[in-house]
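# Geometric and topological summary
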Amino acid sequence: GSWPGTAGVVVVANHASYLDGLVLAAAIPGEPAFIAKKELEPQFFAGPFLRQLGALFVDRTDPEGGVENVNKAFEAAQAGRMLIFLPEGTFTRAPGLLPFRLGAFVIAARQHLSILPLTLSGTRSILRSDQWFPRRGSVSVHVGSLASADGADFAAAVRLRDKIRAEILANCGEPDAVES
């Protein structure tokens with residue numbers, strides 16, 4: 001599909017490889033704001049790469065997402081930057097969609113922002129978590145449908161997360177890795 005306007009849109013994508021940020025940076029127009037976990041900032045490769053992308057580093061230890069983190073993200077959204085979240089927060093060598101953290105969905109519900117689900121396919125097999133060199137392969141990005149929360153409270157954020165995760169799961173070709 002075609003891209004919606006970038007203002008007021010939060011992009012949520014699955015996370016399968018270190019390549020994901022590069023693919024998203026290439027695919028998304030404008031200057032998206034990648035929301036990255038603070039632990040990546042000092043890393044030798046990830047830190048400089050994410051800073052170059054204009055990432056906002058956030059502390060994930062605060063379960064509500066942290067007032068400072070929400071404000072940082074909201075300021076970027078106000079400036080017309082598309083916020084990019086990888087709500088699994090990490091990835092594994094084994095295929096499977098991990099549970100989604102709530103931060104992106106809480107921000108979207110509270111600030112009345114729309115979520116655009118993107119499903120990445122192919123990045124995990126090209127660059128696995130324990131490899132340094134990529135293998136040949138093809139990557140695809142499926143652009144889903146814009147969705148908004150049906151309220152501004154925590155329960156609305158949870159419903160939005162579950163809806164978006166189900167759409168990404170249906171498109172990623174990988175199993176559901178949530179332990180029931």
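Regarding its fold elements, the chain presents six helices and six strands. Going residue by residue from the N terminus, the α and β elements of the chain occur as β-α-β-α-β-α-β-α-β-α-β-α. Looking at the chain as a whole, 44% of its 180 residues are labelled buried. Intrachain contacts of the chain at a sequence separation of at least 6 include 66% that bridge at least 24 residues.

On to the pattern of salt bridges, then. Inspection of every chain in the model, using the stated rule, returns four salt bridges. A salt bridge links E174 to R124, with the shortest nitrogen-to-oxygen separation between them at 2.7 Å. Pair noted here: E174 is in the segment after α6 (154–172) and R124 is in helix α5 (residues 123–126), with a separation of 50 residues, a long-range link. Judged by its relative accessible area of 21%, E174 is partly exposed. On the basis of relative accessibility, which here comes to 5%, the residue R124 falls in the buried class. A salt bridge links R159 to D150, with the nearest nitrogen and oxygen atoms 2.7 Å apart. For R159, a relative accessible area of 42% corresponds to the partly exposed category. For D150, a relative accessible area of 57% gives the class exposed.

For the rest of this paragraph, the subject is the nonpolar core. If you look at the biggest cluster of nonpolar residues, it comprises 26 residues, and the most contacted ones within it are V10, V12, L83, F85, F105, I115 and I164. Every element with two or more residues in this core is listed here: β1 (9–13), β2 (33–37), β3 (56–58), α3 (67–78), β4 (83–85), α4 (103–111) and α6. At six residues, α4 tops the list of elements feeding residues into this core. Excluding residues that lie within four positions of it along the chain, F105 makes contacts with V12, P87, F100, I115, A157, L160, R161 and I164. Within the second largest apolar cluster, 20 residues are counted, among which are A13, V23, A46 and F57.

What follows is about the sheet that holds β2. Read across the sheet, six strands follow the order β3-β2-β4-β1-β5-β6 without closing on themselves; strand pairing throughout is mixed. Only two strands of the sheet have a single neighbouring strand rather than two, namely β3 and β6 (140–143). Pairwise comparison of adjacent strand axes, ignoring direction, gives a mean angle of 30° for this sheet. Summarising the sheet, strand β5 (residues 114–121) and β6 pair through four bridges and their orientation is antiparallel. Within the sheet, the bridge partner assigned to S121 lies in β6 and is S140. Against the sheet, helix α1 (residues 20–27) contacts β1, β2, β4, β5 and β6, and its axis sits at roughly 120° relative to β5.

The next point concerns the environment of L118. As for its placement among the helices and strands, L118 is situated in strand β5. For L118, a relative accessible area of 0% gives the class buried. The spacing of L118 and N171 is 53 residues in sequence and 9.1 Å in space, taken between C-alpha atoms.

Right, let's talk about the confidence of the model for the chain for a bit. Taken as a whole, the chain shows an average pLDDT of 82; of its residues, 84% reach a score of 70 or greater. The secondary structure element of the chain with the lowest average pLDDT is α3, at 66, and the one with the highest is α6, at 96.

Definitions and cut-offs
Residues numbered from 1 in each chain as written. Predicted model: local features only at pLDDT ≥ 70, side-chain atom pairs only at ≥ 80, totals over all residues. Heavy atoms only, no water. Helix = DSSP H or I, 4+ residues; strand = E, 2+ residues; numbered from the N terminus. Buried < 20%, exposed > 50% of the residue type's maximum accessible area, 1.4 Å probe, protein only. Contact = heavy atoms within 4.5 Å. Salt bridge = Lys/Arg side-chain N within 4 Å of Asp/Glu carboxyl O. Core = buried A, V, L, I, M, F, W, Y, C linked by side-chain atoms within 4.5 Å. Pairing = 2+ DSSP bridges. Axes fitted to C-alpha atoms, helices over the stretch in contact; angles between N-to-C directions. pLDDT = per-residue confidence, 0-100.

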